[in-house]
Amino acid sequence: PVGSFCPVGSLRPILCGLGQYCGIPGLVNVSGPCDIGYFCNKTGGVSARPDGSVAGFGPCLAGRFCLLGTTEPTKCPRGTYSSTV
């Protein structure tokens, strides 16, 4: 199912790990990491760019930044800013 993958020879699906997503059913590997600017801090992610409608997945919050595969947004260093979220 979406949010999981089934490696060759596995008997059951495995939920995608923290910072990763599995966007379509029937995968043998994860689709990839969550995109820059987004966080995925629960297993079973279904989108590289989650919209925030599911707890634990969403766009990075103002005052924080999210690198590729981020599980927890990081607070921006003092004296820095970005005009985009």
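All of the points below concern the structure found in this document. Bear in mind that the values here come from a model prediction, so they are computed numbers and not experimental data.

What follows deals with the overall build of the chain. In terms of helices and strands, the chain carries zero helices and eight strands. Mapped in sequence order, the helices and strands of the chain form the string β-β-β-β-β-β-β-β. Seen through its C-alpha atoms, the chain measures out along the principal axes to roughly 50 × 20 × 15 Å. Here the chain holds 85 residues, and 29% of them are scored as buried. The contacts of the chain with a sequence gap of at least 6 include a subset with a gap of at least 24, amounting to 32%.

Before going further, it helps to examine the pattern of salt bridges. Taken as a whole, this structure holds one salt bridge when the rule is applied. Asp 35 is paired through a salt bridge with Arg 49; the nearest N and O atoms lie 2.7 Å apart. With Asp 35 in the loop between strand S4 (32–33) and strand S5 (38–40) and Arg 49 in the loop between S5 and strand S6 (57–59), this pair connects stretches of sequence that are 14 residues apart. A relative accessible area of 22% means that Asp 35 is categorised as partly exposed. Among the residues examined, Arg 49 registers a relative accessible area of 55% and is labelled exposed.

Once that is clear, we can look at the environment of Leu 18. Mapping Leu 18 onto the fold places it in the loop between strand S2 (14–15) and strand S3 (20–21). A sequence separation of 38 residues divides Leu 18 from Gly 56, and the C-alpha atoms of the two residues are 9.9 Å apart. Setting aside residues no more than four positions away along its own chain, Leu 18 makes contact with Cys 40, Asn 41, Lys 42, Thr 43 and Thr 71.

Glancing now at the side chain of Thr 70. Relative to the helices and strands, Thr 70 resides in the loop between strand S7 (64–65) and strand S8 (74–75). Filtering out sequence-adjacent residues up to four positions away, Thr 70 remains in contact with Gly 19, Tyr 38, Phe 39 and Cys 40.

Moving on, we come to the environment of Glu 72. Within the element layout of this structure, Glu 72 appears in the loop between S7 and S8. Residues Glu 72 and Val 30 lie 42 residues apart in sequence; the distance between their C-alpha atoms is 19 Å. Separated by 3.0 Å, the side chains of Glu 72 and Asn 41 make a polar contact.

Conventions adopted
- Each chain carries its own residue numbering, running from 1 in the direction its sequence is written.
- Reporting of local features is limited, given that this is a predicted model, to residues whose pLDDT is at least 70; pairs of side-chain atoms are given and counted only at 80 or more, and all residues count toward the totals for whole chains, interfaces and linings.
- Heavy atoms throughout the structure, all of them, feed into the side-chain values; hydrogens and water do not.
- Numbering of helices and strands runs from the N terminus; a helix is a DSSP stretch of H or I covering at least four residues, while a strand is a stretch of E covering at least two.
- Partly exposed residues are those whose accessible area sits between 20% and 50% of the maximum for their type, while under 20% is buried and over 50% is exposed, using a 1.4 Å probe and protein chains only.
- Contacts between residues were defined by any pair of non-hydrogen atoms, one from each residue, lying within 4.5 Å.
- Salt bridge criterion: a side-chain nitrogen from Lys or Arg within 4 Å of a carboxyl oxygen from Asp or Glu.
- Counted as a polar contact is a pair of N or O atoms within 3.5 Å, where, for protein atoms, one must be capable of donating a hydrogen and the other of accepting one, and residues adjacent in sequence contribute only when both atoms are in side chains.

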